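Structure at a glance
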Amino acid sequence: MDLSTGGIVLREVNYKEADKILTILTEEAGKLTVSARGARKKMGKYTAASQLLAFSELDLYERQGRWSLREGRVIELFGGLRQDICLLSIGAYFAELLEAVSDVDYVDPGLLTLGLSGLHVLSGGTRDPRLVKAAFELRLMCLSGYAPEVSACAKCSTATPAQPMLNLQGGQIHCRTHRPENSGASLPLDAGSLSALCHIISAPENRVFAFSLGEQGLAHLAAAAEGYVLAQLERGFRTLDFLKSLS
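The shown structure was predicted, so the numbers you read here are calculated from the model rather than taken from an experiment. (Residues numbered from 1 in each chain as written. Predicted model: local features only at pLDDT ≥ 70, side-chain atom pairs only at ≥ 80, totals over all residues. Heavy atoms only, no water.)

**A short note on unusual backbone geometry**
Leave glycine aside and you will find that most residues have negative phi; peptide bonds, for their part, are mostly trans. To be explicit about the condition: Secondary structure elements are defined from DSSP: runs of H or I of at least 4 residues count as helices, runs of E of at least 2 residues count as strands, and each element is numbered from the N terminus.
Residues other than glycine seldom take positive phi values, yet Leu53 does so here, at roughly 75°. Note that Leu53 resides in the loop between strand S3 (30-36) and strand S4 (55-63). Of note, the phi angle at Gln64 is positive, near 55°, even though the residue is not glycine.

Structure below.
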């Protein structure tokens, strides 16, 4: 079986002397594991397309249930990320998140669109990386079926919770004094970060990152977004640990 598709490299593993095993999120076939022979050669025909976070037009072929790369034509390498270790680390974290929530042979166009949009904005340097990271995390949770309920306090039903908080396990907002019983940890928000959260959940694909926040609101949103991802997916991330080690 032959397949031509756009795809972004989520993970690369060295194999033998010059090969790689790639995890690729593709437009046409979802997440695939792909063998790339000779990808580590300096002048290999698809060395560039086999890099982590490279977005390329790929020619793949399947033999006995295994996919291999025949050719790759690079579309975008997100050069801004490769000049800054912190930005590259956030990009790698995005890739690990996408790998965690995507399925083999299941196509979800929204995941690839979010991945490309997040990397593009991050690489462009026009937004605070903390804002991009938080928006990516929360929108990814929405696409994965973990959208928080933010229309009203979970206990008193007011649309404007007093000193709002986000419950990480239950995925609900609530007034500080109205924490749901037996619901686990909650993290504080404020008016600005709650408004940003609502925007991230409901904005069109091309507007997810189009908002701004003051320092306090951004700090609240960043902490809540990261905590929400870890609580909902019930696991840690190697790339996130490395990112934290840099600061």
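Moving on from the model shown.
**Let's talk about the pattern of salt bridges**
Filter applied, for reference: A side-chain nitrogen of Lys or Arg and a carboxyl oxygen of Asp or Glu constitute a salt bridge if their distance falls within 4 Å. In this scheme, a residue with accessible area under 20% of its type's maximum is buried, one over 50% is exposed, and one in between is partly exposed, where area comes from a 1.4 Å probe on protein chains only.
What the rule picks out here adds up to twelve salt bridges. Lys20 serves as the salt-bridge partner of Glu12, at 2.6 Å between the closest nitrogen and oxygen. Relative accessible area serves as the criterion here: at 34%, Glu12 is assigned to the partly exposed category. What makes Lys20 buried here is its relative accessible area of 9%. Where salt bridges share partners, they join Lys133, Glu137, Glu226 and Lys244 into one cluster.

**Brief notes about a nonpolar patch on the surface**
As a reminder of what qualifies: Like charges within 9 Å and nonpolar side chains (Val, Leu, Ile, Met, Phe, Trp, Tyr) within 5 Å are joined into patches, using only residues over 30% in relative accessible area that form no salt bridge. Computed with the Shrake-Rupley method and a 1.4 Å probe, the accessible areas treat only the protein chains shown as cover for residues.
Among the surface-exposed residues, Ile85, Phe242 and Leu246 lie close enough to one another that they form a single nonpolar patch of about 270 Å² accessible area. Summarising the element assignment, Phe242 is placed in helix H6 (residues 238-246).

**Considering the sheet that holds strand S1 (residues 2-15)**
Worth spelling out the cut-off: Strand pairing is assigned whenever DSSP identifies at least 2 bridges connecting the two strands. Helix axes are fitted to C-alpha atoms over the stretch in contact, other axes to C-alpha atoms as well, and angles between N-to-C directions run from 0 to 180 degrees. Whether two residues are in contact is decided by their heavy atoms, any of which lying within 4.5 Å being enough.
One closed barrel accounts for five strands, arranged S1-S2-S3-S5-S4; its pairing is mixed. Neighbour-to-neighbour, the strand axes of the sheet open up by a mean angle of 50°, direction not taken into account. Alignment of S1 against S4, held across seven bridges, turns out to be antiparallel. Bridge assignment links Gly6 to a residue of S4, and that residue is Glu57. Those strands touched by helix H1 (residues 85-101) are S1, strand S2 (19-26) and S3, and its axis lies near 115° from that of S1.

**Some details on the side chain of Ser50**
So the rule is basically this: We call two N or O atoms a polar contact when they sit within 3.5 Å, provided that within protein one can donate a hydrogen and the other can accept it, with sequence-adjacent residues counted only if both atoms are side-chain atoms.
With respect to the secondary-structure elements, Ser50 resides in the loop between S3 and S4. Within the structure, Ser50 has its side chain in polar contact with the backbone oxygen of Tyr46 (distance 2.8 Å). If sequence neighbours within four positions are ignored, Ser50 has contacts with Val9, Glu12, Lys20, Leu22, Ala36, Ala39 and Leu69.

**Here's the deal with the nonpolar core**
To keep it simple, the criterion reads: Each nonpolar core is a collection of buried residues, namely Ala, Val, Leu, Ile, Met, Phe, Trp, Tyr and Cys, held together in the definition by side-chain atoms within 4.5 Å.
The biggest cluster of nonpolar side chains holds 53 residues, and the ones touching the most others in it are Ile8, Phe94, Leu97, Phe136, Leu140, Phe209 and Leu221. Dropping the residues within four chain positions of it, Phe209 is found in contact with Leu114, Ser117, Gly118, Val121, Arg127, Leu131, Val132, Ala135 and Phe136.

**Considerations on the packing of helix H3 (residues 129-143) against helix H5 (residues 215-233)**
Spelled out, the test is: Each helix crossing is assigned a hand: it is left-handed if the near helix lies turned anticlockwise from the far helix by less than a right angle, otherwise right-handed if that turn is clockwise. When residues are sorted by character, Ala, Val, Leu, Ile, Met, Phe, Trp, Tyr, Cys and Pro go into the nonpolar class, Asp, Glu, Lys and Arg into the charged class, and all the rest, Gly among them, into the polar class.
At their nearest, the axes of H3 and H5 sit 9 Å apart, and the two run at 40° to each other. At the point where H3 passes H5, the crossing takes the left-handed sense. Between H3, through Arg130, Leu131, Lys133, Ala134, Glu137, Leu138 and Met141, and H5, the contact on the second element is made entirely by Glu215, Leu218, Leu221, Ala222, Ala225, Glu226, Tyr228, Val229, Gln232 and Leu233. Grouping the constituent residues of the contact of H3 with H5 by class yields eleven nonpolar, one polar and five charged.

**A look at the side chain of Asp59**
Position of Asp59 relative to the elements: it lies in strand S4. Judged by its relative accessible area of 15%, Asp59 is buried. Side-chain polar atoms of Asp59 contact the side chain of Ser4, separated by 2.9 Å. Discounting residues that sit within four places of it in the chain, Asp59 has contacts with Leu3, Ser4, Ser68, Leu69, Arg70, Glu71 and Arg73.

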